[in-house]
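# Secondary and tertiary structure notes
Each chain is listed here by its residues.
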Amino acid sequence: MIIITTYHGRNNDSRFSNRRKYLEETIRSIDNQCLENLFHLIIDDGSTDDTYNVLHTRYAHDNRRRILRREKGSQEPLTSTNARNFALDLCLSNHSIDGVNISEHEYIAFIDSDDVVIDLQKREEFLTKNKPDFLYTDVLLFFNNTDTAYLWKGLNPQQAYKNFWIHGKMPYPSMTWGIDFLKKLREWTENHYGFKGPFDSHIGCGEDVDVALSSLECAQERNSKIGYLPEVTAGYRIHNSSLATIRNQKTRVREENSVLKRHFGNVAVRYLHLRRFLVRPECYIPYLMEVKNILRKKTSKQEFFSRQQL
């Protein structure tokens, strides 16, 4: 199962002016996958425009998909965490929607409403053959209005826990969980960190880092199987109206640090930042990112998207 959570502001909110177009591309990328049993759940997270009605008009006729609306609380941070937990609660509780039991699927993955899936068949083949409890793959980083793209590669599971945040090598859009492992992970995060998750509803940035660390910790403690497939199966869009970009920068840093402190402790966080600065100084000195992009190996976005006809 693939789950999209999406939020759109009113039409006169310039921050969200392009997000509906991105959402349409995301849905199209899923529909173009050649998988017989692929089911698609869309959660509209309390959009203040007509997104929910538009989704029902255009997409609700497909029996492989269901569209639900969740009412967002007025004090919630601008994040997808609550909507993700809402979707998981439905999937893990034998819930049926219009006669479809959405809890019967063996694996669950999320894709943000501005990203795309590229090749889920490779992911399914790996899952079928290796039966991991938690899987991640490589991802394509791409930009709007240019064919330039970069590969976002992961680390092998033996190195991932202590190193992926430092090196930036946990391709979040590719993370996939077994349904039984998600039940363990939800219980594990509540017992260890005190919130019903597995996504922390109190943060708006760093939630992917948090759930990746929790997944790796839980898998190690419960002797669950972690898989890494070094193939591109999803695309991550970089643009100026993403939720991460429009959030206050100080808030983003504070929330991400809170995630690191939760998993590694206050003292270790300083050491992690030092190692990260030595490996990726562009994370702290923004103009260095332009230099890095000039030097790093590039590829063609069209090469990956031609089959999807986006």
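For the structure given in this document, a descriptive report is provided here. (Residues numbered from 1 in each chain as written. Predicted model: local features only at pLDDT ≥ 70, side-chain atom pairs only at ≥ 80, totals over all residues. Heavy atoms only, no water.)

## What about helix H7 (residues 207–221)?
Taking 1.5 Å as the rise per residue, H7 with 15 residues should run 21 Å; its terminal C-alpha atoms sit 21 Å apart, in good agreement. Taking burial as the measure, the 15 residues of H7 include 13 buried ones, the bulk of the element. Looking one or two places after H7, you find Asn223, whose phi comes out positive at around 55°. (Helix = DSSP H or I, 4+ residues; strand = E, 2+ residues; numbered from the N terminus. Expected span 1.5 Å × (residues − 1). Buried < 20%, exposed > 50% of the residue type's maximum accessible area, 1.4 Å probe, protein only.)

## Details of the pattern of salt bridges
What the rule picks out here adds up to 18 salt bridges. Residues Arg84 and Asp112 are paired through a salt bridge, measuring 2.8 Å at the closest nitrogen-oxygen approach. With Arg84 in helix H3 (residues 81–91) and Asp112 in the loop between strand E6 (107–110) and strand E7 (116–117), this residue pair connects regions lying 28 residues apart in the sequence. On the basis of relative accessibility, which here comes to 5%, the residue Arg84 falls in the buried class. Overlapping salt bridges, with partners in common, bring together Asp31, Asp62, Arg64 and Arg65 in one network. (Salt bridge = Lys/Arg side-chain N within 4 Å of Asp/Glu carboxyl O.)

## Considering the environment of Asp133
Residue placement: Asp133 occurs in the loop between helix H4 (120–130) and strand E8 (134–143). Distance in space between the C-alpha atoms of Asp133 and Asn240 is 34 Å, their sequence separation being 107 residues. Here Lys225 takes part through its backbone nitrogen, which lies 2.6 Å from a polar atom of the side chain of Asp133. (Polar contact = N/O pair within 3.5 Å; in protein donor to acceptor, adjacent residues only side chain to side chain.)

## What about the nonpolar core?
The biggest cluster of nonpolar side chains holds 46 residues, and the ones touching the most others in it are Leu41, Ile102, Ile108, Phe164 and Trp177. Of all the elements, H7 adds the most residues to this core, at seven residues. Beyond its immediate chain neighbours, meaning those up to four positions away, Phe164 contacts Leu155, Lys169, Met170, Tyr172, Val209, Ala212, Leu213 and Leu216. Core analysis: the next-biggest nonpolar cluster, separate from the first, contains 20 residues, Ile2, Ile30, Ile42 and Leu55 among them. (Core = buried A, V, L, I, M, F, W, Y, C linked by side-chain atoms within 4.5 Å. Contact = heavy atoms within 4.5 Å.)

## Some thoughts on the packing of aromatic side chains
Pairs of aromatic rings are described using the distance from one ring centre to the other and the angle between the two planes. Within the structure shown, the criterion is met by twelve aromatic pairs. Seen in terms of ring centroids, Phe134 and Tyr136 are 6.1 Å apart; in terms of plane orientation they differ by 45°. Their pairing is tilted. The pair formed by Phe134 and Tyr136 is uniform in burial state, with each residue classed as buried. Taking 5.8 Å as the distance between ring centres and 65° as the angle between the ring planes, the aromatic pair formed by Phe277 and Tyr284 counts as edge-to-face. An aromatic cluster is defined as three or more aromatic residues linked by ring pairs; in this entry it consists of Phe110, Phe134, Tyr136, Trp177, Phe199 and Tyr228. Above the face of the Tyr7 ring, Lys72 is positioned so that its terminal group lies 5.1 Å from the ring centre. (Phe/Tyr/Trp six-rings, centres within 6.5 Å; stacked < 30°, edge-to-face > 60°. Lys NZ or Arg CZ within 6 Å of the ring centre and 35° of its normal.)

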